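Here's the letter readout for the chains.
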Amino acid sequence: MEQPVLPSGTIQRLKKQVREHLRDSRALYRHFHANAELSGQEEKTAARVAQELGLLSIPATTGIGGHGVVGLVKNGAGPTVMLRADMDALPIKEETGLEYACTATGLGFNGEEAPIMHACGHDVHTTVLMGVARAMTGLKDLWRGTLILLAQPAEEGLGGARAMIEDGLWQRFPRPDAGLGLHVDPELATGTVGLASDYVSAGAESLDMIVSGMGGHGAYPHKTKDPVVLAAQIVLALQTIVSRSIDPREPAVITVGSIHGGTKRNIIGEKVVLNLTVRTFNPQVMKQAVQDIRRTAEGLARAMGLPEDRLPQVVRAETSLPPVRNDGELGRRIGNLFQELLGRKEVITTAPQTGSEDFGILGWADPPFPMLFYNLGSTNRARLDQAREKGEDVPLLHTSRFYPDPDETLETGITTLSAAALELFNGD
């Protein structure tokens, strides 16, 4: 097995540094948790990130692709390493009962007032990034190179990574030699990490389908072309695309998440809108699935007798996301380091997830650079074991009762991400 270059003395100094500042990290985490902000609205979070970097004398550039923040630590000649955290929260009412639970509200995705909660752990990610900033500035004698600390807005479906790229991210800052990121995982115990050997998460397409009809009175359906009935047929027919059109060796998911149509029980309307998400790891399978969705919807509309100018329209609703894929060489190298750092049994090989993440977009430079994304255990073993003994799941991401056990999660997150950076700065 290839041995990491970090000597034991370096690892011990890093662990000591992280533990000495764990109380500060806990306080910062509680602040971010209690003051959550929705996608595209991370103004105060970004300001606090810039403030924390300023306290460490790290120059911070704000307002990149919205509320994105980049801190740049130049420490002599050497590699350039990017570390990324996302900052936004979700429109969910928190029901954790924590003393620092978020009670804030904001404008949700539909423009209406909504509760806010860090139900995806981005408060942990941001706090870990600030902890790494503190550790790396305190250990400057142990590394040489340029560290990019990137706090990203709008990960939750609004294309924050792409917005930063389009705002000239890699024209304004050095192109990294490698990029690293992490994500909390409540199904992994604190003190452990999960590392995928290849694909981490699926690519995603968000589609809107506009199903047109010919409306009329509900008492005379024979004089109409009912878009509600057509939409219902389409929803059921789409489920056969994965089972009968796509190679069964290729994972794929097609979900119709919402349907909007009609105004009154005795009126046959003119239009129904379906909101879909399509997920797969293979770009060719994604292309085929989208084509099959269009073909299926149009075929059913023709069978109902709709003219060509009223066939269903399928449009991209949001920014598409490519799969996140770990670089093999980088994964082996950091995996070896994590085994030395945490113990072999604490580094778990994880399977690809059909959830999506825009981290991979940040690697789109000229040329692209290797990326690594790993999972951070966030539920202490006692709580995890208790839930499993009852045959229950711990509260999962994107739910109102999700919460990490912060001290253990933060310590492992800051230590592993800092160690990975030190490894890359000190290796080839």
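Refer to the structure above for everything that follows.
Just so we're clear, the structure is a prediction, and the values are computed from it rather than from any experiment. Residue numbers run consecutively from 1 along every chain, following the written order of its sequence. Thresholds applied to this predicted model are a pLDDT of at least 70 for local features of residues and 80 or more for the giving and counting of side-chain atom pairs; totals over whole chains, interfaces and linings are not thresholded and use all residues. Derived side-chain values reflect all non-hydrogen atoms in the structure, with water molecules and hydrogen atoms excluded from consideration.

By convention, a stacked pair of Phe, Tyr or Trp rings (six-membered ring in the case of Trp) has centres within 6.5 Å and planes under 30 degrees apart, an edge-to-face pair has planes over 60 apart, and any other such pair is tilted. Inspection of every chain in the model, using the stated rule, returns six aromatic pairs. Look at phenylalanine 338 and tyrosine 374: their rings are 4.9 Å apart centre to centre, the planes differ by 65°, and that puts the pair in the edge-to-face class. Taken together, the positions of phenylalanine 338 in helix α9 (residues 328-342) and tyrosine 374 in strand β18 (residues 371-379) put the pair 36 residues apart, joining distant regions of the chain. Summary of the burial criterion: residues with accessible area below 20% of their type's maximum are buried, those above 50% are exposed, and those between are partly exposed, where the area comes from a 1.4 Å probe applied to protein chains only. Accessibility expressed as a relative area gives 0% for phenylalanine 338, which makes it buried. Judged by relative accessible area, which is 1%, tyrosine 374 ranks as buried. By definition, being over a ring means that NZ of Lys or CZ of Arg is both within 6 Å of the ring centre and within 35 degrees of the ring normal. Its guanidinium or amino end placed over the ring of tyrosine 220, lysine 223 lies 5.6 Å from that ring's centre, counting from NZ or CZ. The aromatic ring of tyrosine 403 is capped on one face by arginine 383, whose charged end is 3.9 Å from the ring centroid. Only DSSP runs of H or I covering at least 4 residues are called helices, and only runs of E covering at least 2 are called strands; the numbering of each starts at the N terminus.

Pairing is mixed across the open sheet formed by eight strands, whose spatial order is β1-β2-β6-β3-β7-β18-β8-β17. Whereas interior strands pair on both sides, the edge strands pair on one side only; in this sheet they are β1 (60-64) and β17 (347-349). Taking each pair of neighbouring strands and ignoring which way they run, the sheet shows an average axis angle of 25°. Only strands joined by at least two bridges in the DSSP assignment are considered to pair. Sheet topology places β1 next to strand β2 (residues 68-75); three bridges connect them, and they run antiparallel. Bridged to alanine 60 within β2 is glycine 71. Comment: axis = line fitted to C-alpha atoms, over the contacting stretch for helices; angle = value between 0 and 180 degrees taken between N-to-C directions.

Right, let's get into the sheet that holds strand β10 (residues 203-212). Strands sit in the order β12-β14-β10-β15 across an open sheet of four strands; the sheet is antiparallel. At either end of the open sheet lies a strand with only one pairing partner, and these are β12 (252-261) and β15 (313-316). Between one strand axis and the next, the sheet turns through 25° on average, direction left out of account. Sheet analysis places β10 next to β15, joined by four bridges and oriented antiparallel. Within β15, the position partnered with aspartate 208 by the bridge is valine 315. Contact criterion: two residues are considered in contact whenever any of their non-hydrogen atoms come within 4.5 Å of each other. Sheet strands in contact with helix α7 (residues 227-244) are β10, β12 and β14 (271-280), and its direction is about 170° off that of β12.

In this structure, the amide linkage connecting aspartate 366 to the following residue, proline 367, adopts the cis form with an omega of 0°. Along the polypeptide, proline 367 turns up in the loop between β17 and β18. Phi is positive for serine 57, which is not a glycine, with a value near 60°. Here alanine 154, not a glycine, exhibits a phi torsion of approximately 50°, which is positive. The class for alanine 154 is buried, based on a relative accessible area of 8%.

So, on to helix α3 (residues 43-55). Along an α-helix, a turn takes 3.6 residues, which lines up residues three or four apart on a common side. For a helix, the expected span equals 1.5 Å multiplied by the residue count minus one. For α3, built from 13 residues, the straight-helix expectation of 18 Å at 1.5 Å per residue is met to within 8% by its first-to-last C-alpha distance of 19 Å. The set of residues buried in α3 consists of Thr45, Ala46, Val49, Ala50, Glu52 and Leu53. Down the axis of α3, the smallest arc covering the buried residues is 160°, so these residues share one side. Opposite the buried face of α3, by more than 90 degrees, sit the exposed residues Glu43, Lys44 and Leu55. One or two positions beyond α3, positive phi appears at serine 57, with a value near 60°. Summarising the geometry, the arc corresponds to the directions from the helix axis toward the C-beta atoms.

What follows is about the side chain of arginine 84. Turning to its location among the elements, arginine 84 is positioned in strand β3 (residues 80-86). Residue class for arginine 84 comes out buried when judged on its relative accessible area of 2%. Polar side-chain contacts of arginine 84 include one of 2.5 Å to the side chain of glutamate 357. Identification of polar contacts relies on pairs of N or O atoms within 3.5 Å, with a donor-acceptor requirement for protein atoms, meaning one able to donate a hydrogen and the other able to accept it, and with residues adjacent in sequence counted only if both atoms are side-chain atoms. Of the polar contacts made by the side chain of arginine 84, one reaches the side chain of aspartate 358; its length is 2.9 Å. Dropping the residues within four chain positions of it, arginine 84 is found in contact with Leu129, Leu150, Gln152, Glu155, Leu180, Gly181, Glu357, Asp358, Phe359, Leu362 and Phe373.

Just geometry here; none of it tells us what the structure is for.
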